[in-house]
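Take a look at the letters that make up each chain.
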Amino acid sequence: MNKLVFVLVALYRYRNFPIRIMHPLLEDIEGIKPYTIFLKNCETNMFNYPTDKEKELFVKTIIDLNPTIVGFSVLSPFVPIARQLTKLIKGNCASLVIWGGVHPTISPEDCINEVDVLCMGEGEGAVAELAIHLRDRKPYQSIKNLWVRDGNNIIKNPMRPLRQDLDSLPFPSYGNDSYYFIDSNKITKQDPLLSDNYFWVQASRGCPYTCSYCVNSILRPLFKELGHYTRRRSVDNIVNEIKTNLSLYRNVYDYVFFVDEVFGTEESWLNEFELKYKKEVGLPFYVEYNPKIINSMMLSKLVNAGLNTINFGIQTGSDDIRNKIFHRPGKNNEIFNLIKEITKFSVKIKYDLIIDNPYDTEDSLKNTIDFLLQLPKPLFFNLYSLQYFPGYPLTKKAIEDKYIRPEDANVDYLLERTAKSWAFVPRLFPFTKKQVFQNVIWLIVWNHAKENIVKYSVFGDSFFSKLCLAYLNLKAVVLGKILGVGGITWQHRWVSNLIKGIKHMLRSDWGKLFLKIRRCLLIKGH
């Protein structure tokens, strides 16, 4: 019996958890043969459109596989790319096309006319059911979570409850023989993630907060009546995933990166994690939290388990902006108290900060600078430019307050902005005091400016302090072109690797130097 061929497509994201989970889920269904195409991988601030050659390779792969259905996982910035590829599929074969993911879930009306089927919300149950109905040649128009185009009609089915038992899902699949990777005008079946020294794990789904700039501000209300939004896998399930992958592939993993928006909070869960992770995995790890939720008990257990880095968002140095504009709980004094507590445990802290924010003023940016100067050094930051995603509360407010135009938040403009300006990089224009302060913030968080010079320049009012501020501004712009995210050292990794190698040699840190050389050789081998 011929198997039904289902092709999944991941756009600009090799580390696509939904796709890497969906693939083995479909593999386990009798009579279904899934393939996955990963079309390009987008690194921060370094986006390139698919070339004609890459689109040609994509279409040829689709034709050769001859799928009954092709499913795209679509984030809002990549809607224009999904549109292009959908048209290419429709122009070259008779496959059905389904879109799923974040953007179809929050903006279904904008997507349904592009495709045959739309999947809203979590897709594992709906897509598996759809595949079985197609295999058995049964009608699929009434499957929950799906919108289906039926002639001139659109059938809008209700949402199904959220999956509460995350342990029932397969582990994300790596190095699968049915994976294709298209980038740099080439196609390969070698999974680039196998040579990564970080093993990434998603231990939960959902976030308890609804920050106005985040998709959870839309998703939480959307799923309000469909079960608990924030759900967590069992400790045994997480540990088994890590151990399984450590045993399957060449053991280059030396760090575990938990990508949850808020890592474990329940004391009983943390008690179990502390014991089992330390005993059965034992690798240093990274977690993310909202600073409002962390306490000494949690820190103690995480550190004992092997916590190396904790990441949380400051987002702004202004309590008013944080609470009233970003709808994010927490005050500066609370954050300072937390930082003091964390430093007692000798844990590395990585912070998130958002600038390019129209609600910031010169005074609020000076407050942010003052806040940053009080943090323990060296600093480790993700420094973001504020983005305007369609339909988000912050976007609606910015439009209402006439800071942006409605067209500034459409998906066509979003691609250029988010793909090339996700991380903040200093710029000379607009030549305003506000822009200068933002450039100085970049210098501070990247450890490129001395504290006494920043204080003198920003908070002084003499001719020489203004001259010094102009110097810092120019320094930021020049260094940003070289060292900023997406700059010369990011585009030409050999430059960055050379600089790191020299630093290791100067410190006589030969172990780390040889480890980095080994990883580079492994990546090249793939």
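If you're wondering where the values come from, they're calculated on a predicted model, not measured in any experiment. (Residues numbered from 1 in each chain as written. Predicted model: local features only at pLDDT ≥ 70, side-chain atom pairs only at ≥ 80, totals over all residues. Heavy atoms only, no water.)

**Some thoughts on the overall build of the protein chain**
Per the secondary structure count, the protein chain includes 21 helices and 17 strands. Taken over the C-alpha trace, the protein chain has a radius of gyration of 24 Å; the compact-globule value for 526 residues is 24 Å, and the two agree within 12%. Put simply, the protein chain has 526 residues, and 53% of those count as buried. Restricting the contact set of the protein chain to residue pairs at least 6 apart, pairs at least 24 apart contribute 72%. For the protein chain, the exposed area adds up to about 24,300 Å²; of that, 53% sits on carbon and sulfur atoms. When the 68 basic and 54 acidic side-chain charges of the protein chain are each reduced to a single mean position, those positions are 4 Å apart. (Helix = DSSP H or I, 4+ residues; strand = E, 2+ residues; numbered from the N terminus. Rg over C-alpha atoms; globule rule 2.2 N^0.38 Å. Buried < 20%, exposed > 50% of the residue type's maximum accessible area, 1.4 Å probe, protein only. Contact = heavy atoms within 4.5 Å. Areas by Shrake-Rupley, 256 points an atom, 1.4 Å probe, with all protein chains shown as cover. Lys, Arg positive; Asp, Glu negative; His and termini not counted. Charge placed at Lys NZ, Arg CZ, Asp CG, Glu CD.)

**Brief notes about the sheet that holds strand 6 (residues 146-150)**
The nine strands lie next to each other as 7-6-5-4-3-1-2-8-9, forming an open sheet whose pairing is mixed. The strands lining the two open edges of the sheet, one partner per strand, are strand 7 (153-156) and strand 9 (186-188). Between one strand axis and the next, the sheet turns by 20° as a mean value, whatever way the strands run. Strand direction decides the pairing type here: strand 5 (residues 117-119) and strand 6, joined by three bridges, are antiparallel. Pairing of Leu118 across the sheet is with Trp147, part of strand 6. (Pairing = 2+ DSSP bridges. Axes fitted to C-alpha atoms, helices over the stretch in contact; angles between N-to-C directions.)

**Digging into the packing of helix 1 (residues 17-27) against helix 6 (residues 124-135)**
Where helix 1 meets helix 6, the axes come as close as 10 Å, and the angle between the chain directions of the two elements is 35°. Handedness of the helix 1/helix 6 crossing: right-handed. Along its contact with helix 1, which presents Ile21, Met22, Leu25 and Leu26, the element helix 6 presents Glu124, Val127, Ala128 and Ala131. (Left-handed = near helix turned anticlockwise from the far one by under 90°.)

**What about the environment of Thr210?**
For Thr210, the location among the structural elements is in the loop between strand 11 (204-205) and helix 7 (216-222). Sequence separation between Thr210 and His327 is 117 residues; the distance between their C-alpha atoms is 7.1 Å. Thr210 has contacts with Asn216, Ser217, Arg220 and His327, leaving out every residue within four places of it along the chain.

**Points about the pattern of salt bridges**
It is possible for side chains of opposite charge to pair when their charged atoms get near one another. For the structure shown, the criterion picks out 32 salt bridges. Taking the shortest distance from any N to any O, the salt bridge between Lys40 and Glu54 comes out at 3.1 Å. Placement of Lys40 in the loop between strand 2 (32-39) and helix 2 (52-65) and of Glu54 in helix 2 is noted, with a sequence separation of 14 residues between them. Classification of Lys40 by relative accessible area gives buried; the value is 7%. Here Glu109 ties to Lys156 by a salt bridge, and the two come within 2.7 Å at their closest N and O atoms. Taken as a pair, Glu109 in helix 5 (residues 108-111) and Lys156 in strand 7 lie far apart in primary sequence, 47 residues in all. By sharing partners, the salt bridges in this structure join Glu122, Glu124, Arg205 and Arg231 into a single network. (Salt bridge = Lys/Arg side-chain N within 4 Å of Asp/Glu carboxyl O.)

**Quick notes on the packing of aromatic side chains**
Inspection of every chain in the model, using the stated rule, returns 39 aromatic pairs. Considering the side-chain rings of Tyr14 and Phe38, the 6.3 Å spacing of their centres and the 85° angle between planes classify their relative orientation as edge-to-face. Here the residue Tyr14 occupies a position in the loop between strand 1 (4-11) and helix 1, and Phe38 occupies one in strand 2, the gap between them amounting to 24 residues. The same class applies to Tyr14 and to Phe38, which are both buried. Ring centres of Phe257 and Tyr286 lie 3.9 Å apart, and the angle between their planes is 15°; on these two criteria the pair is classed as stacked. Linking Phe257 in strand 13 (residues 255-258) with Tyr286 in strand 14 (residues 285-289), this pair joins segments that are 29 residues apart in sequence. On the basis of relative accessible area, Phe257 is assigned to the buried category, the value being 13%. A relative accessible area of 6% means that Tyr286 is categorised as buried. Chaining the aromatic ring pairs together yields one cluster made of Phe258, Phe263, Trp269, Phe273, Tyr277, Phe285 and Tyr289. Its guanidinium or amino end placed over the ring of Trp269, Arg232 lies 5.8 Å from that ring's centre, counting from NZ or CZ. (Phe/Tyr/Trp six-rings, centres within 6.5 Å; stacked < 30°, edge-to-face > 60°. Lys NZ or Arg CZ within 6 Å of the ring centre and 35° of its normal.)

**Re the state of the cysteines**
Scanning all chains against the criterion turns up zero disulfides. Its sulfur unpaired, Cys119 is 12 Å from the next cysteine sulfur, which belongs to Cys111. (Disulfide = S-S within 2.5 Å.)

**Description of the nonpolar core**
In terms of nonpolar packing, the biggest core is built from 161 residues, with Phe72 and Phe258 touching the most fellow members. If we ignore the near neighbours within four places in the chain, the residues touching Phe72 are Val9, Leu11, Phe58, Leu85, Thr86, Ile89, Val97, Ile98, Trp99 and Gly100. (Core = buried A, V, L, I, M, F, W, Y, C linked by side-chain atoms within 4.5 Å.)

**Overview of the side chain of Lys301**
Considering the arrangement of structural elements, one finds Lys301 in helix 10 (residues 296-305). We classify Lys301 as buried; its relative accessible area is 15%. Residues in contact with Lys301, not counting those within four places in the same chain, are Glu267, Leu270, Asn271 and Glu274.

**Overview of a nonpolar patch on the surface**
On the surface, a cluster of nonpolar side chains totalling about 480 Å² of accessible area is made up of Tyr456, Phe463, Phe464 and Leu467. The element contributing the most residues to the nonpolar patch is helix 18 (residues 463-483), with three residues. Turning to its location among the elements, Phe463 is positioned in helix 18. (Patch = residues over 30% accessible without salt bridge, like charges linked within 9 Å, V, L, I, M, F, W, Y side chains within 5 Å.)

**Observations regarding the environment of Ser300**
The residue Ser300 is located in helix 10 in this model. Relative accessible area serves as the criterion here: at 37%, Ser300 is assigned to the partly exposed category. When the C-alpha positions of Ser300 and Ile342 are compared, they lie 9.4 Å apart, and in sequence the two are 42 residues distant.

**Focus on the packing of helix 13 (residues 362-373) against helix 17 (residues 451-459)**
Direction vectors running N to C along helix 13 and helix 17 enclose 160°, while the axes themselves pass 11 Å from each other. In terms of their interaxial angle, helix 13 and helix 17 are classed as roughly antiparallel. Viewed along their axes, helix 13 and helix 17 form a crossing whose handedness is left-handed. Seen from helix 13, the contacting residues are Lys366, Ile369, Asp370 and Leu373; seen from helix 17, they are Glu451, Val454, Lys455, Val458 and Phe459. Here the contact of helix 13 with helix 17 is built from residues that sort into five nonpolar, no polar and four charged. (Parallel < 35°, antiparallel > 145°, perpendicular 65-115°, else oblique. Nonpolar A, V, L, I, M, F, W, Y, C, P; charged D, E, K, R; others polar.)

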